[in-house]
Amino acid sequence: MTSIREEMWKTKGILFNFAITDLKIRYKNSVLGVLWSILEPLLMLAVLFFVFSTMFKSEIEYFPIYLLSGLITYNFFKNGTTIALSSLSNRSALITQIYFPRSIPAISSCFTSSIMLIVELAVLGVFMVYFQFTPSLTILYLIPIYMLAFVFVLGIALGLSVLNVKFKDVEFIWGILLHAGFFLTPIFYQFDMLPEQMQNILQLSPIVQIVEMVHHVTLYGTLPSLNSVLYSVGSVFGVLGVGYFIFRRYQARIVEDM
Amino acid sequence: MSENSISVKNVSKKFRLYHEKRTTLYESITGSINRKPHYETLQVLDNVSFNVKKGESFGIVGRNGSGKTTLLRILSHIYQPDDGSVETNGTVVPVLALGLGFHPELTAITNIYQSSILLGITKNQIAERIDKIIKFADLEKFADTKLKNFSSGMAMRLAFATAVQVDPAVLLLDEVIAVGDLNFQKKCLDVMLDFKKRGKSIVLVSHNPSDVKQLCDRAMFLKDGSIDIIGKPSQVLDSYENYMNSLQE
């Protein structure tokens, strides 16, 4: 066990290196390059904003901020898990030729999506200025909330990265789940607009909890309830445990399945 | 104990040969219901034990498929053995037939960085050595070219140059020398001799008898995953050649 930690420490440089190369490869052959990481959420927001402010009128106060804060939180989850999903299978050349801890690609995927999150948060800041929205100090709670989100993404990332080597279907299933998750998470509607039965089920999802917490601290200047915080922390670490268990189970034979 | 840079004890490795590979969930679920064996096991390595001393170079010969590459992968911890143990002393750098894990979409320089960091040296150390690597590999013109545009010889030269500059305690070479042109082969030999002089070990897999004779202090003949003979290179090569001739008849 200690040797695993030593190894991780020795190869810590690679975490950052992978995170950067992920971004580079993501925007390879594109004229605008890394600029896409800003343009992508911006354009996505423009589409959603157009749809929900003209076609379906939204009653939500400060709707652009509501929409954007939810969207970037969900994006963090989506990007991290999607990059992690193919992080091992895309590196088959590397993995069959050099030994390094197999968890590093999954971990670095979470860092890649963290970098994207920071860029998108900056975009959110610009929007706040533009719509003359002054958040209260509770916005600082975004830091622990995103740390919690990071743990959640990491748990799923670890599991998905090894499962996708073994079963190629995981990629498609996960794509559908992410799509469903987008509509089942309060991003362009408010949670209490849903029927109560549905609320009861959906609030079991950690990502719903996290997005709600983000709304609380950025928009309303209130703190989420203690119950929801406790539940989120518990479920997020539960997910990490399951993800790590799956990872441990499959990691040794991964090279042979490549 | 500290005399050996590698000690391998009773290593065995089995592979599964799939008749129909179950890569989808559906297949693995239906497959586990109708319990038909869908694979057979192949004993790739069977109870292999040997030591490589510091400053020694060790040759491995054998037919294709006799387990040489698998053994190198086990030595570099890429595969885990099913049984037995491998102890290594210091960094082990494998240069396997396909390169050093290079990514086709990255340039030569970024690839050098990525692989060397993985092999355990720091960014600053690489920055100091990068010119040497490029120069040794004779790739000055192609330093910023993406790897996908490299020929296999060029990629191999880059891999060897990088591995040497990482300066590991043990260098594992799998059919590396044969890929380069004559000038590069000569450079490789010089580097390897220098390596030995500095007390580092080399494990060399080669199909070229003269390389094994020229470079190796000891050699091993792997026959279908088990050791046929370990000894002086000339002795080992003789029994390898005899075996190969007997197959032809």
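Residues numbered from 1 in each chain as written. Chains lettered and ligands numbered in written order. Predicted model: local features only at pLDDT ≥ 70, side-chain atom pairs only at ≥ 80, totals over all residues.

1. Topic: the overall build of chain A
Phase 1 of the analysis: A tally of helices and strands in chain A yields 12 helices and zero strands.
Phase 2 of the analysis: A compact globule built from 258 residues would reach a C-alpha radius of gyration of about 18 Å, and chain A, at 19 Å, matches this within 12%.
Phase 3 of the analysis: When its C-alpha atoms are laid out on the principal axes, chain A stretches across 55 × 45 × 35 Å.
Phase 4 of the analysis: In chain A, 82% of the contacts between residues at least 6 apart in sequence involve partners at least 24 apart. (Helix = DSSP H or I, 4+ residues; strand = E, 2+ residues; numbered from the N terminus. Rg over C-alpha atoms; globule rule 2.2 N^0.38 Å. Contact = placed C-beta atoms within 7 Å.)

2. Brief notes about the overall build of chain B
Phase 1 of the analysis: Assigned secondary structure in chain B consists of eight helices and nine strands.
Phase 2 of the analysis: In terms of overall dimensions, chain B is globule-like: its C-alpha atoms have a radius of gyration of 20 Å, near the 18 Å expected for 249 residues.
Phase 3 of the analysis: Counting only C-alpha atoms and orienting by the principal axes, one finds that chain B spans roughly 60 × 50 × 40 Å.
Phase 4 of the analysis: Put simply, chain B has 249 residues, and 41% of those count as buried.
Phase 5 of the analysis: Counting contacts in chain B only where the partners sit at least 6 residues apart, residues at least 24 apart contribute 72% of the total. (Buried ≥ 20, exposed ≤ 12 C-beta atoms within 10 Å, placed from the backbone.)

3. Looking at the domain arrangement of chain B
You'll often see interface size given as the accessible area lost when the parts meet.
Residues and elements named next belong to chain B.
Phase 1 of the analysis: Here the domain parsing of chain B yields domain 1 (4-90 + 169-248) and domain 2 (100-166).
Phase 2 of the analysis: With eight residues of domain 1 in contact, the opposing surface of domain 2 contributes seven residues.
Phase 3 of the analysis: Grouping the constituent residues of the side of domain 1 that touches domain 2 by class yields six nonpolar, one polar and one charged. (Domains from an automatic or database assignment. Nonpolar A, V, L, I, M, F, W, Y, C, P; charged D, E, K, R; others polar.)

4. A few points about the sheet that holds strand 4 (residues 83-88) of chain B
Residue and element names in this part refer to chain B.
Phase 1 of the analysis: Across the sheet, three strands lie side by side as 2-1-4; this open sheet has antiparallel pairing. The outermost strands of the open sheet, each flanked by one partner alone, are strand 2 (39-53) and strand 4. Here the average twist between neighbouring strands, direction ignored, is 25 degrees.
Phase 2 of the analysis: Across 11 bridges, the pairing between strand 1 (residues 4-18) and strand 2 is antiparallel. (Pairing = 2+ DSSP bridges. Axes fitted to C-alpha atoms, helices over the stretch in contact; angles between N-to-C directions.)

5. Some points on the sheet that holds strand 8 (residues 218-223) of chain B
Residues and elements named next belong to chain B.
Phase 1 of the analysis: Strand order in the open sheet made by the six strands is 5-6-7-3-8-9, with mixed pairing throughout. With partners counted over all chains shown, the strands left at the sheet margins are strand 5 (92-95) and strand 9 (226-231), one partner each. Averaged over all neighbouring strand pairs, the angle between strand axes comes to 15 degrees, with direction disregarded.
Phase 2 of the analysis: Inspection of the sheet shows strand 8 paired to strand 9 by five bridges, in the antiparallel sense. Each residue of the ladder has a partner; that of Leu222, found in strand 9, is Ile227.
Phase 3 of the analysis: In the packing of helix 5 (residues 152-166) onto the sheet, the strands contacted are strand 5 and strand 6 (170-174), and the crossing angle to strand 5 comes to about 170 degrees.

6. Quick notes on the nonpolar core
Generally speaking, a soluble globular protein has its nonpolar side chains buried in company with each other.
Phase 1 of the analysis: Within the largest apolar cluster, 122 residues are counted, with the highest numbers of intra-cluster contacts made by Val153 of chain A together with Val95, Leu172 and Val203 of chain B.
Phase 2 of the analysis: Take this core: its biggest share by element is 14 residues, from helix 7 (residues 142-166) of chain A.
Phase 3 of the analysis: Ignoring sequence-local partners within four residues, the contact set of Val95 of chain B consists of Leu100, Ala159, Phe160, Ala163, Leu172, Leu173, Asp174 and Val176 of chain B. (Core = buried A, V, L, I, M, F, W, Y, C linked by C-beta atoms within 7 Å.)

7. Some points on unusual backbone geometry
Phase 1 of the analysis: In this model, Tyr62 of chain A sits at a positive phi of 45 degrees, which is unusual for a non-glycine residue.
Phase 2 of the analysis: For Tyr62 of chain A, the location among the structural elements is in the loop between helix 3 (36-55) and helix 4 (63-85).
Phase 3 of the analysis: According to the C-beta neighbour criterion, Tyr62 of chain A is partly exposed, with 18 such atoms within 10 Å.
Phase 4 of the analysis: In this structure, Asp138 of chain B takes a positive phi of about 65 degrees despite not being glycine.
Phase 5 of the analysis: With 17 C-beta atoms counted inside 10 Å, the residue Asp138 of chain B sits in the partly exposed group.

8. Considerations on the confidence of the model for chain B
Phase 1 of the analysis: Per-residue confidence for chain B averages 84 on the pLDDT scale, and 93% of its residues sit at or above 70.
Phase 2 of the analysis: Predicted complex, confidence summary: ipTM 0.76, pTM 0.83. (pLDDT = per-residue confidence, 0-100.)

9. Structural notes on the packing of helix 7 of chain A against helix 11 (residues 226-251) of chain A
Residues and elements named next belong to chain A.
Phase 1 of the analysis: At a minimum axis distance of 8 Å, the contact between helix 7 and helix 11 shows a crossing angle of 25 degrees. As far as their axial angle goes, helix 11 and helix 7 are roughly parallel. Crossing of helix 7 over helix 11 shows left-handed handedness. (Parallel < 35°, antiparallel > 145°, perpendicular 65-115°, else oblique. Left-handed = near helix turned anticlockwise from the far one by under 90°.)

10. Some thoughts on the interface of chain B and chain A
Phase 1 of the analysis: Counting residues at the interface gives 29 residues for chain B, matched by 21 residues for chain A.
Phase 2 of the analysis: The element best represented in the side of chain B that touches chain A is helix 3 (residues 108-118) of chain B, accounting for six residues.
Phase 3 of the analysis: Of the residues that constitute the side of chain B that touches chain A, the class distribution is 14 nonpolar, 13 polar and two charged.

11. Let's talk about the confidence of the model for chain A
Phase 1 of the analysis: When pLDDT is averaged along chain A, the result is 86, and 93% of the positions lie at 70 or above.
Phase 2 of the analysis: Of all the helices and strands in chain A, helix 1 (residues 2-10) of chain A carries the lowest mean pLDDT, 57, while helix 7 of chain A carries the highest, 95.

12. What to know about the environment of Leu72 of chain B
All names here are of chain B.
Phase 1 of the analysis: Along the chain, Leu72 turns up in helix 2 (residues 68-75).
Phase 2 of the analysis: For Leu72, a count of 23 C-beta atoms within 10 Å corresponds to the buried category.
Phase 3 of the analysis: Along the sequence, Leu72 and Ile60 sit 12 residues apart, while their C-alpha atoms lie 9.8 Å from each other.
Phase 4 of the analysis: If sequence neighbours within four positions are ignored, Leu72 has contacts with Pro94, Leu96, Leu172, Asp174, Val203 and Val205.

13. Some words on the pairing of strand 7 (residues 201-205) of chain B
All names here are of chain B.
Phase 1 of the analysis: Of all five residues that make up strand 7, five are buried, and the element is covered over most of its length.
Phase 2 of the analysis: In strand 7, alternate side chains face the same way, and those of Ser201, Val203 and Val205 on one face and Ile202 and Leu204 on the other are all buried.
Phase 3 of the analysis: Pairing of strand 3 (residues 57-61) with strand 7 involves four bridges; the strand directions are parallel. For Ser57, the partnering residue across the bridge sits in strand 7 and is Ile202.
Phase 4 of the analysis: Pairing of strand 6 with strand 7 involves five bridges; the strand directions are parallel.

14. Describing the packing of helix 4 of chain A against helix 7 of chain A
Residues and elements named next belong to chain A.
Phase 1 of the analysis: The interhelical angle for the contact between helix 4 and helix 7, taken along N-to-C directions, is 25 degrees, at an axis separation of 7 Å. By the angle class used here, helix 4 and helix 7 are roughly parallel. By crossing handedness, the relation of helix 4 to helix 7 is classed as right-handed. Facing helix 4, whose interface residues are Thr73, Phe76, Phe77, Gly80, Thr81, Ala84 and Leu85, helix 7 presents Ala149, Val153, Ile156, Ala157, Leu160, Ser161 and Asn164.
Phase 2 of the analysis: Of the residues contributing to the contact of helix 4 with helix 7, the split by class is nine nonpolar, five polar and no charged.

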